[in-house]
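Architecture and fold: a report
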Amino acid sequence: MAQHTIVMTGATRGIGRIALDRIATLDPDAHLVLLARGETSSRLAAELTAAGRAASGIAVDLLSLAGTRQAADEVARGLDDGELPPLRGLVGNAGLQFTNDLTETAEGLEATFAINVLANHVLLRRLHDRFVSGSRITLTVSDTHFGDFRHNLGMVPGPSWQEPERLARIRAFPNPESVVAGRTAYSTSKLAAIHLIHEHARRLPDGVDIVGYNPGFVPGTDLTRAADALSRFAMRRIMPLMTLTPQATSKDAAGRYLADAALGRTRATSGAYINRGAEERSSAESYDPIRERQLWDTAEELTRSLG
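Below: a short report on this structure. (Residues numbered from 1 in each chain as written. Predicted model: local features only at pLDDT ≥ 70, side-chain atom pairs only at ≥ 80, totals over all residues. Heavy atoms only, no water.)

**Quick notes on the pairing of strand S6 (residues 208-214)**
In terms of burial, S6 is a largely internal element, six of the seven residues being buried. Sheet topology note: the strand S5 (residues 131-140)/S6 ladder contains six bridges and is parallel. By the bridge assignment, Thr140 is partnered in S6 with Tyr213. Across three bridges, the pairing between S6 and strand S7 (residues 273-275) is parallel. Residue Tyr213 lies in a different strand from S7, and its bridge partner there is Ile274. (Buried < 20%, exposed > 50% of the residue type's maximum accessible area, 1.4 Å probe, protein only. Helix = DSSP H or I, 4+ residues; strand = E, 2+ residues; numbered from the N terminus. Pairing = 2+ DSSP bridges.)

**Here's the deal with the nonpolar core**
Leu35, Val75, Leu90, Phe131 and Ile137 are the most contacted members of the largest nonpolar core, which totals 34 residues. Counting residues per element, the ones that place at least two in this core are strand S2 (30-36), helix H3 (65-81), strand S4 (87-92), helix H4 (111-127), S5, helix H7 (179-203) and S6. At six residues, the largest contribution of residues to this core is made by H4. Excluding its chain neighbours within four sequence positions, the residues that come into contact with Val75 are Val7, Val33, Ile58, Leu84 and Leu127. Formed by 27 residues, the second largest nonpolar core is a distinct cluster that contains Ala11, Ala19, Leu258 and Ala262. (Core = buried A, V, L, I, M, F, W, Y, C linked by side-chain atoms within 4.5 Å. Contact = heavy atoms within 4.5 Å.)

**A look at empty space enclosed by the protein**
One pass over the full model with this rule turns up two cavities of 30 Å³ or more. Put simply, the largest cavity is a space of about 60 Å³. Per-element tally for the lining of the largest cavity: the top contributor is H4, with five residues. (1 Å grid on protein atoms, 1.4 Å probe; cavity = no way out; pocket = protein on both sides within 12 Å on 5 of 7 lines; lining within 4 Å. Points joined across faces, edges and corners; volume = space filled by probe spheres on them.)

**What to know about unusual backbone geometry**
A positive phi is found at Arg171, a non-glycine position, where the angle reads about 65°. Residue position: Arg171 is located in the loop between helix H6 (164-167) and H7. Phi at Asn175 takes a positive value of approximately 50°, unusual for a residue other than glycine. Along the chain, Asn175 falls in the loop between H6 and H7.

**A word on the sheet that holds S2**
Neighbouring strands of a sheet are bound in pairs by backbone hydrogen bonds; such pairs are parallel or else antiparallel. Spatial ordering of the open sheet is given by S3-S2-S1-S4-S5-S6-S7-S8, a layout of eight strands whose pairing is mixed. The two strands at the open ends of the sheet, each matched to only one other strand, are strand S3 (54-59) and strand S8 (278-280). Taking the axes of each pair of neighbouring strands and ignoring which way they run, one obtains an average angle of 25° across the sheet. (Axes fitted to C-alpha atoms, helices over the stretch in contact; angles between N-to-C directions.)

Below, the structure is given as C-alpha cells:
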C-alpha cells in the first residue's frame, strides 16, 4: 500500500517518462499522480497500475491557469479525503518552447511564460500547506538562463529581463514574430522560474525543499513540439548526434538525473540549482531578491485574477 504521494507533470514523454519509470522503481511506496492533457494521464496511470504500481491520472491543460487550479484542487481533495496518502513530492517537468513571442493562451498570457512559470506557481500555491515534512519539490529549469555560449551553444539567446507583468504578455521582445523572440521568451522564462524557486524556498513550510533541475541540452525531446516542421526535424534527428559530445545529455541520463533530484538522491539545499547530478550555482543574474519578490507579487496577482 502506498505511503505517500508524488505529483508529476511532463511525465508522459521524453525525460519525464524516463524519470517516471525510475521513480516508480526506486520508490515503490509512492502513489504517483500524473497531470497531463486529455486521456494521456489516465492511460499512463493504467499502465503503471497494471505493473503493480499505485498511480492515478488527472486530465489538465497546463496552458490554462483555471484548469491547472482545478487539477490542483482535485489533488488537494484526494489528500484531504484520505484517497491519497500524504503529499511528499511534486515534479514540475512540463514545459514548452515556441518559435515566436505571439502565442497567447485563452487567458491572455504569453504561452511560454504561462506553462514554464505560472502553471508551477498555481500548483505550488494550491498545495502549499499539503506538503509534509521531508517533501521535495523539483522544477525543471534550463542552463539557457546563463545566456552565454558555454551553456546555450549559440542556439538560444540569453534572457532579457523586464517587469514580470510585461513578460507575461505577448510582444515583450523585439520582432515578436521571429524565432529569436520566441527563444528569448524561453530563456527568460527559465530565469524567471529560478527566481520563483528562490522565493518559494523562503515561503514553504519547514522541512519542505524546492530545487531547480537543469538537464542540460537534451536533443531528441519534444520540447519544441510547438515549433515548425524543420525545427522539429532538426531536434529529433540531427541534434541527437551531439550526445556524443560532453555538451549534451542523452534522454536516458537526463531522465535518471531528474528522478534522482526528485527523490532526494541528489543532495541539495532548498532553493538550489541542480545541474544534471550535482548542486551548483546558477547564473549571477538569477540571485536577485528584489526581482524575486516582484515576480512573486505578479504571479500572485495573475493567478488570482485569471486562475
